[in-house]
Structure formats: C-alpha cells, structure tokens
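Okay, here's what each chain looks like letter by letter:
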2 protein chains.
Amino acid sequence: MSEGAHQPLSEGIPVLGYGLGPIGLGVAALLAGRDGVTLVGAVDIDPDKIGTDLGLLHGGGKNGVRVTSEVPAAPPGGVAVHATGSGLVDVAPQLEELLDRGWNVVSTCEQLVHPWSVDAQVALRLDALAHDRERSVLGSGINPGYLMDTLVLMLTGACTAVRGVHVTRVVDTNARRIPLQVKAGVGLTREEFVRRARHGRLGHVGLRQSAHVVADRLGWRLDGYEERIEPVVAGEPTATGLGVIAPGDVIGQRQRVVATSGGRDVIQYDLEMSAGAEATDVIEIDGEPAVHQRIVGGVNGDVGTVAVIGNLVPVVADARPGLLTMADVVRMAAAVGLIAPPEAVAAR
Amino acid sequence: MSEGAHQPLSEGIPVLGYGLGPIGLGVAALLAGRDGVTLVGAVDIDPDKIGTDLGLLHGGGKNGVRVTSEVPAAPPGGVAVHATGSGLVDVAPQLEELLDRGWNVVSTCEQLVHPWSVDAQVALRLDALAHDRERSVLGSGINPGYLMDTLVLMLTGACTAVRGVHVTRVVDTNARRIPLQVKAGVGLTREEFVRRARHGRLGHVGLRQSAHVVADRLGWRLDGYEERIEPVVAGEPTATGLGVIAPGDVIGQRQRVVATSGGRDVIQYDLEMSAGAEATDVIEIDGEPAVHQRIVGGVNGDVGTVAVIGNLVPVVADARPGLLTMADVVRMAAAVGLIAPPEAVAAR
C-alpha cells in the first residue's frame with residue numbers, strides 16, 4: 001500500500017488465493033493490508049492447509065477465510081491470484097477451472113507471460129475460454145513479466161526508433177532464498193552443473209517469454225532464438241547459503257539469450273545469478289535516443305514478484321476480456337499502428 | 001518506427017497535425033515514416049504555412065496534405081496531434097473544437113498533463129465534452145508526461161509499498177535548442193534572473209502536473225506544494241549557445257519542488273537546466289524494495305517529446321473516452337483498489 005493521505009475507497013475487489021506457497025501467501029499478506037481489495041477465498045491442495053484460516057497462514061491475524069480444496073464461484077469482479085507452477089501445460093487445467101468458476105486471473109506462471117510461444121494450441125484455447133466467459137487472464141512476475149520486458153517497453157516509449165535492446169540482470173544469490181541458490185547451481189561441481197544443464201534441470205525459466213513480449217510489441221518477428229547457460233566458478237573460497245564453496249566449484253550461473261529478427265540481433269539478455277555478485281539491472285536501448293538505464297542494487301526478485309502480482313490485481317479486474325500480456329498493461333512503446341496481437345501471430 | 005521484420009498492418013490511423021511548430025512538425029516527420037498511421041490533415045494559423053504541403057514543411061517529400069486554417073471533420077478513429085501552447089485555458093477552445101469535429105486528441109500542452117490541478121472547471125468541461133463526443137483527450141510529453149511521472153509510476157510497480165519519490169533531472173542546455181537556453185536564463189545577470197523569476201517568466205512549466213499525476217495514482221492527497229527557482233551561476237567563463245558567459249552571471253536554473261501529504265514530504269523534484277551540466281535522470285523510490293534508477297546521459301527532451309507524443313497516437317486512438325492522464329496509459333503502479341480518478345478529486 002502507498003502510505004500518506006489515502007483516498008477513501010468505496011468498495012473492494014474480491015480476491016481468491018489459489019496456490020498458497022511462499023509467493024501466493026506473500027501476495028495474500030500484501031493485499032490483506034490494502035484498501036480496495038478483500039480476500040474472500042483460498043484454495044490449495046495441501047491437506048495440512050485445507051481448513052486453516054488464511055490470515056494465520058500468511059502471518060496476519062485470523063480473517064475468517066478458510067482454505068478449501070474446491071474453487072468457489074466468483075463474486076462479480078473477482079480476481080484469482082494463481083501461484084502454483086511455471087509450466088503452461090501443467091497449469092492450464094487450473095486456469096480453465098478458475099475461468100469456468102467466473103474468476104479473472106493473474107498468475108505467476110512464467111510461461112503464461114507469453115503462452116503463444118510455448119504452446120499456441122493451449123494459448124488459443126485459454127484465450128477463447130476467457131473471451132467466452134468475459135474474463136481476463138494475465139501471467140506476470142518480476143522476471144519474466146516486468147524487468148526484462150515491460151520496463152524495457154516502457155523505456156522505449158521515449159524513443160522514436162529502436163534497433164535493439166540489451167538487458168543485463170545480475171542477482172546476488174546470497175541475498176535470495178535457498179531454493180533459488182540451489183536452482184542456480186550453487187555448490188555443484190562443474191561436471192554436475194554441465195550434466196544438469198544439459199537435461200534442462202538448471203536455469204531460469206522465462207527469458208524466451210520476455211523476448212516475445214518485447215518483440216511482439218515492437219513489431220519484430222523473431223526468426224532466431226539462442227539460449228546458453230554456463231556455470232560461474234569460484235576463484236577463491238566463497239561463502240554461500242549452502243556453505244563455503246571451494247575454488248573450481250560452482251557458485252552460480254550465467255544465461256545468455258540472443259534473439260534475431262530479419263538477420264539482426266535485436267534482443268540480448270544476460271542473466272547472472274551467483275553468490276556475492278554485485279546486484280544490478282541494466283537496460284540498454286540502441287535507439288533514437290539511446291537509453292542507458294541502471295537500477296543500482298537491482299530489484300529483489302522475491303519481494304518484486306509479490307509486488308508485481310499484487311499491483312496487477314486491480315488492473316486485471318478492470319481489463320478487457322481474453323488472454324492478456326503485459327503489453328496490454330503498459331500500452332506505451334516505440335511502435336505505432338495496429339501491431340498484430342500474439343494470438344494472430346500464433347495462428348499464422 | 002521499430003526496425004526489423006515488421007508485422008503487416010491492415011490499416012492506418014488517420015492523423016491531423018494541429019500546430020506546426022518544431023514539435024508538431026517533428027511528430028509529423030516521425031509518423032510519416034511509420035506503418036499504421038496516415039497523415040490526413042494539417043492546421044496552423046501561420047499565413048506562410050497555410051496552403052503549403054505538409055510533407056515539405058516537415059522535411060519529407062510532398063505528401064499531398066495541404067495546411068489549412070480550419071479544422072476538418074475527423075474520419076473514424078482519427079487522432080489530432082495538438083502542439084500549440086503550454087497553458088490549459090489558452091488551448092481549451094482549440095481542444096473543444098477538435099473534439100467537436102470528431103478528433104481524439106494527444107497534446108503537448110504541459111498543463112493538460114493534469115488539468116484538474118490547474119483549473120478544475122475547464123478540466124471538467126473538457127472531460128464532459130470528450131465523454132459526450134466519445135473521444136479521448138490526453139496531455140503528455142517527456143516532462144511533464146513521462147520522466148517525472150509515468151516512469152516513476154512504472155517503477156513503483158515492483159514495490160509493495162512507497163513512502164516517497166525523489167526525481168532529479170539534469171539537462172545540459174548546450175545540447176538543446178536555443179529557445180530552451182533562453183528559457184533557462186542563460187546569459188542573464190543574477191539580478192535580472194531574480195526579477196524575471198519573480199514575475200513567473202523563467203522556469204519549467206509542468207512540475208506541479210507531474211506531482212499530481214503521481215500522487216493521484218499512488219493514493220496521496222497533496223496538502224502542500226512548494227516550488228522554488230534559483231540561478232546557476234558561472235564559476236568560470238562558460239561557453240553556451242548564447243556566447244561565453246562571464247563568472248558571476250547566469251548559466252541556467254535549478255527548480256525544486258517539495259509536495260507533502262499528511263504532513264510528510266512525499267514527492268521531491270530537482271530539475272537543473274544549465275550550460276555544461278552532466279545530463280542525467282535519477283529516480284529514487286523510498287519503498288519496499290527501494291529503487292535507485294539512473295538514466296545515464298538523461299533523455300534528450302527535444303527528441304523525447306516527439307517520441308512520446310508520436311508513440312501515444314495509437315494509444316489514444318484505442319483509449320476509453322474522456323479526459324485521460326498517463327495513469328490510464330501505464331496502468332501499473334504500487335497502489336491497489338479503486339483509486340479516485342482526478343475528476344472525482346477535483347469535484348470535491
């Protein structure tokens with residue numbers, strides 16, 4: 001909530017929490033302190049949570065909302081905060097049930113940030129259902145959803161032309177939760193890192209989605225996409241949340257994306273997540289004028305994801321029906337005209 | 001236009017240029033090179049321009065659009081780019097005529113960025129007319145309109161709470177057009193600067209509007225607003241577009257705004273425009289998490305204004321009817337709920 005002399009609010013948006021892990025509960029805790037929203041329901045599959053008071057789960061006082069296993073019917077204008085998984089195909093049935101029960105949905109699902117680039121069939125089906133039910137569905141988060149896509153588009157809003165964008169995000173894994181440190185490969189040997197990376201068991205999900213959100217909105221049809229992942233290796237003994245890592249072993253990862261359009265490199269992402277790295281977010285826009293933007297210290301992804309999702313609740317409540325992207329939320333970018341929407345691109 | 005493999009565009013937005021000074025012609029030149037928009041008319045009061053081909057005026061080839069003194073009737077979905085003056089009351093009759101003739105409007109008028117804080121009567125009348133005609137009206141530009149307001153709101157989108165914002169914009173007047181150097185007081189004596197500032201003949205217009213756009217959207221009711229202007233004085237002989245300035249004379253200005261809500265300083269703006277200053281834009285958000293953002297080299301205001309206005313043409317063509325603010329364009333910010341729109345605040 002923004003502090004200060006607050007506007008009085010006439011009524012609240014009814015919110016359902018769906019998926020009560022750390023992020024889902026974080027959003028619930030945030031919304032519990034805000035005017036203009038009311039938590040009205042909570043859904044989870046964990047037997048230990050079902051029947052419990054939601055307020056107690058998110059660390060506030062009792063709020064009389066009991067966790068259920070079934071999705072309740074939505075009151076008018078209701079928004080479900082969906083926070084269960086990263087994979088589009090896995091969560092699609094959950095999203096369909098929420099729409100069927102009348103909820104608008106804002107979701108942390110990384111692949112839902114640009115579902116057409118993951119599985120166009122599933123995306124088109126979700127879009128059709130959302131239109132049919134006159135509800136909105138949006139995937140977002142700090143990354144993908146905000147830093148490498150929406151903020152980029154916003155910064156191009158002051159440009160007359162854009163030739164390319166390059167985003168560098170450096171995350172100090174020591175400042176983040178342990179599961180993220182594990183995901184980044186901290187503590188592995190080089191060999192184990194390479195083995196896991198080859199099987200897709202390391203690395204951040206969502207860079208491809210960010211690239212598509214940017215490209216669609218700027219009018220670039222991507223015809224090439226390359227993503228590489230490599231270990232960051234300790235040069236000296238390095239303290240981490242998983243203990244001290246010996247020189248030669250892994251303290252994190254670097255991911256690099258290069259996306260091309262018409263034979264040109266138009267999008268480059270460099271994401272480093274490693275122990276003790278100096279956190280920063282840098283967006284460089286090669287355009288007229290060029291923009292060199294830096295967020296000193298970066299944006300903390302754990303707090304940031306909760307914030308982005310929570311801040312989108314009223315946006316989704318008030319949005320057009322259908323499957324949305326963040327380009328619907330931040331309309332301004334360095335492109336003009338009737339840009340083909342993602343569903344039209346997917347249908348080609 | 002964003003370069004690369006462009007989406008095919010089915011049809012264009014008809015655009016009218018209204019006011020053909022440097023900015024109006026700059027936007028026309030930008031749009032002439034873009035898919036999805038078609039320049040269909042041009043209006044100016046200058047007898048030397050009336051009857052001339054618009055394409056020749058903006059430095060392109062002939063495009064068959066002749067400058068007229070009368071506003072033509074709008075084709076469906078038409079957008080007028082209005083670029084005549086900074087004062088709301090001065091331009092209101094022009095905006096009303098454009099609405100009456102069926103145009104949506106995007107305007108460079110600084111006070112139109114938040115007209116309710118200038119003259120609520122005029123704002124409410126414009127809003128009513130725009131609703132009646134089912135057209136949209138929006139004031140924007142690089143500043144006010146983008147850097148100190150919309151970009152600030154966007155950055156709060158990753159925050160769970162915001163206690164205050166502080167924006168510092170430093171402009172090197174040597175890199176800008178001569179009229180801006182004159183406006184910043186370059187070449188004046190200290191005494192002359194003070195005299196002119198006292199009569200409101202120096203200083204940037206629009207800081208108050210930016211403050212209100214931010215405050216409305218974050219839910220802060222401003223109960224105090226202070227704006228000061230002081231000269232930047234040469235310490236040594238300084239080269240400027242107006243000649244070498246002697247030590248002790250003025251090479252620019254500093255403007256400072258402090259806005260309060262509920263007794264707290266919630267918004268601080270520092271705007272320096274002086275010869276040889278190191279250009280930068282810094283946004284500091286005191287919130288959770290804190291955000292420290294810097295645009296190295298700043299955003300050039302001349303190119304930037306043309307870009308922002310040009311990029312808003314399709315946004316305005318597709319917006320809800322009524323008098324809009326940039327908070328309608330960038331929906332995301334660190335506040336939730338049914339924030340009172342500016343017209344409701346003005347009507348209290």
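In the nomenclature of an unreviewed UniProt entry, chain A corresponds to Dihydrodipicolinate reductase from the organism Jiangella asiatica.

**Re the side chain of Arg34 of chain A**
All names here are of chain A. Residue position: Arg34 is located in the loop between helix H1 (22-32) and strand S2 (37-43). Asp35 is the oppositely charged side chain nearest to the buried, salt-bridge-free Arg34, at an N-O distance of 9.3 Å. At 2.9 Å, the side chain of Arg34 forms a polar contact with the side chain of Asn311.

**Some points on helix H7 (residues 190-198) of chain B**
Structurally, the α-helix is built with 3.6 residues per turn, so residues lying three or four positions apart point the same way. All names here are of chain B. Of all the positions in H7, only Glu192, Phe193 and Ala197 are classed as buried. The buried residues of H7 occupy one face: seen down the axis, they fall within an arc of 130°. Facing away from the buried side of H7, by more than 90 degrees, are the exposed residues Glu191 and Arg198. Contacts made by the buried residues of H7 are with strand S8 (224-233) and strand S11 (250-261). In the stretch just after H7, Gly200 is the one whose phi turns positive, near 70°.

**Focus: the packing of H1 of chain A against helix H9 (residues 301-317) of chain A**
All names here are of chain A. Between H1 and H9, whose axes approach to 9 Å, the crossing angle comes to 55°. Taken as axis vectors, H1 and H9 run oblique relative to one another. Crossing of H1 against H9: the hand is right-handed. Each of Ile23, Gly26, Val27, Leu30 and Leu31 in H1 lies in contact with H9, whose residues at this interface are Asp302, Thr305, Val306, Ala307, Ile309, Gly310 and Val313. Grouping the constituent residues of the contact of H1 with H9 by class yields eight nonpolar, three polar and one charged.

**Comments concerning helix H4 (residues 120-133) of chain B**
Residue and element names in this part refer to chain B. Over its 14 residues, H4 extends 20 Å from the first C-alpha to the last, a length consistent with the 20 Å expected when each residue adds 1.5 Å. The N-cap residue of H4 is Asp119: its side-chain oxygen and the backbone nitrogen of Gln121 are 3.2 Å apart. Looking one or two residues beyond H4, the residue adopting positive phi is Glu134, at roughly 55°.

**Thoughts on the sheet that holds strand S15 (residues 322-324) of chain B**
All names here are of chain B. In spatial order, the strands read S3-S2-S1-S4-S5-S6-S15; together these seven strands make up an open sheet with parallel pairing. Across the chains shown, the open sheet's two edge strands, defined by having one partner strand only, are strand S3 (67-68) and S15. Contacts between helix H3 (residues 88-100) and the sheet are confined to strand S1 (13-18), strand S4 (79-82), strand S5 (104-107) and strand S6 (136-139), with S4 contributing the most and set at about 165° to the helix. Sheet contacts for H4: S6 and S15; angle to S15, the most-contacted strand, approximately 125°.

**Topic: the environment of Leu151 of chain B**
All names here are of chain B. Along the chain, the position of Leu151 falls in helix H5 (residues 150-156). Using a relative accessible area of 0% as the deciding quantity, one classes Leu151 as buried. Spatially, the C-alpha atoms of Leu151 and Ile283 are 8.7 Å apart, while their sequence positions differ by 132 residues.

**Remarks on the pattern of salt bridges**
Residue and element names in this part refer to chain B. Counting across every chain of the model gives 28 salt bridges over all chains. Note that Asp100 and Arg133 form a salt bridge whose closest N and O atoms lie 2.4 Å from each other. With a gap of 33 residues between them, Asp100 in helix H3 and Arg133 in helix H4 connect regions that are remote in the sequence. Judged by relative accessible area, which is 45%, Asp100 ranks as partly exposed. Assessed through its relative accessible area of 32%, Arg133 is described here as partly exposed. For Glu272, the salt bridge goes to Arg254, with nearest N and O atoms at 3.2 Å. Taken together, the residues span a long stretch of sequence, with Glu272 in strand S12 (residues 264-274) and Arg254 in strand S11 at a distance of 18 residues.

**A short note on a nonpolar patch on the surface**
On the surface, a nonpolar cluster with roughly 230 Å² of combined accessible area is contributed by Ile178, Val182 and Leu242 of chain A. With respect to the helices, strands and loops of the structure, Leu242 of chain A is situated in the loop between strand S9 (238-240) and strand S10 (243-245).

**Some details on the domain arrangement of chain A**
Residues and elements named next belong to chain A. Per the domain assignment, the segments of chain A are domain 1 (13-141 + 306-335 + 338-347) and domain 2 (150-298). Using only C-alpha atoms to locate each centre, domain 1 and domain 2 end up separated by 26 Å. Facing 16 residues of domain 1, the contacting portion of domain 2 comprises 16 residues. Both sides of the domain 1 and domain 2 interface together cover about 1700 Å² of buried area, and 68% of this is carbon and sulfur. Looking only at domain 1, the three residues that lose the most surface to domain 2 are His114, Met332 and Ala334, adding up to 28% of its buried area.

Conventions adopted
Within each chain, residues carry numbers counting from 1 in the order of the written sequence. All chains are assigned letters beginning at A, and all ligands numbers beginning at 1, according to the order in which they are written. Local features in this predicted model are restricted to residues of pLDDT 70 or higher, and side-chain atom pairs are both shown and tallied only at a pLDDT of 80 or more, whereas totals for entire chains, interfaces and linings draw on every residue. The side-chain numbers reported here are obtained from all heavy atoms of the structure, hydrogens and water having been left aside. Secondary structure elements follow DSSP: runs of H or I no shorter than four residues count as helices, runs of E no shorter than two count as strands, and numbering proceeds from the N terminus. Only protein chains enter the calculation, and the probe is 1.4 Å; a residue is then buried if its accessible area is under 20% of its type maximum, exposed if over 50%, and partly exposed in between. Lys and Arg are tallied as positive, Asp and Glu as negative. Neither His nor the chain termini are counted. Between Lys or Arg on one side and Asp or Glu on the other, a salt bridge is scored when a side-chain nitrogen of the former is within 4 Å of a carboxyl oxygen of the latter. Throughout this description, a polar contact denotes any pair of N or O atoms lying within 3.5 Å of each other; where both atoms belong to protein, one of them has to be capable of donating a hydrogen while the other can accept it, and for residues adjacent in sequence the pair is counted only when both atoms sit in side chains. Comment: arc refers to directions from the helix axis out to C-beta atoms. Any two residues whose heavy atoms approach within 4.5 Å are treated as being in contact. Angles shown run from 0 to 180 degrees and are taken between the N-to-C directions of axes, each axis being a line fitted to C-alpha atoms and, for helices, limited to the stretch in contact. Throughout this description, any angle smaller than 35 degrees is read as roughly parallel, any larger than 145 degrees as roughly antiparallel, any in the 65 to 115 degree range as roughly perpendicular, and the remainder as oblique. In this scheme the crossing of two helices becomes right-handed for a clockwise turn of the near helix relative to the far one and left-handed for an anticlockwise turn of less than a right angle. Under the scheme applied, nonpolar residues are Ala, Val, Leu, Ile, Met, Phe, Trp, Tyr, Cys and Pro; charged residues are Asp, Glu, Lys and Arg; polar residues are all the others, including Gly. Residue count minus one, scaled by 1.5 Å, sets the expected span of a helix. Paired strands, in this sense, are two strands between which DSSP finds at least two bridges. Within the patch definition used here, like charges are joined within 9 Å and nonpolar side chains (Val, Leu, Ile, Met, Phe, Trp, Tyr) within 5 Å, considering only residues with over 30% relative accessible area and no salt bridge. To be clear on the numbers: accessible area is Shrake-Rupley with a 1.4 Å probe, and residue cover counts the displayed protein chains and nothing else. All domain edges in this entry derive from an automatic or database-based domain assignment. When two components associate, each loses some accessible surface as probed by a 1.4 Å sphere; the sum of these losses over both components is called the buried area.

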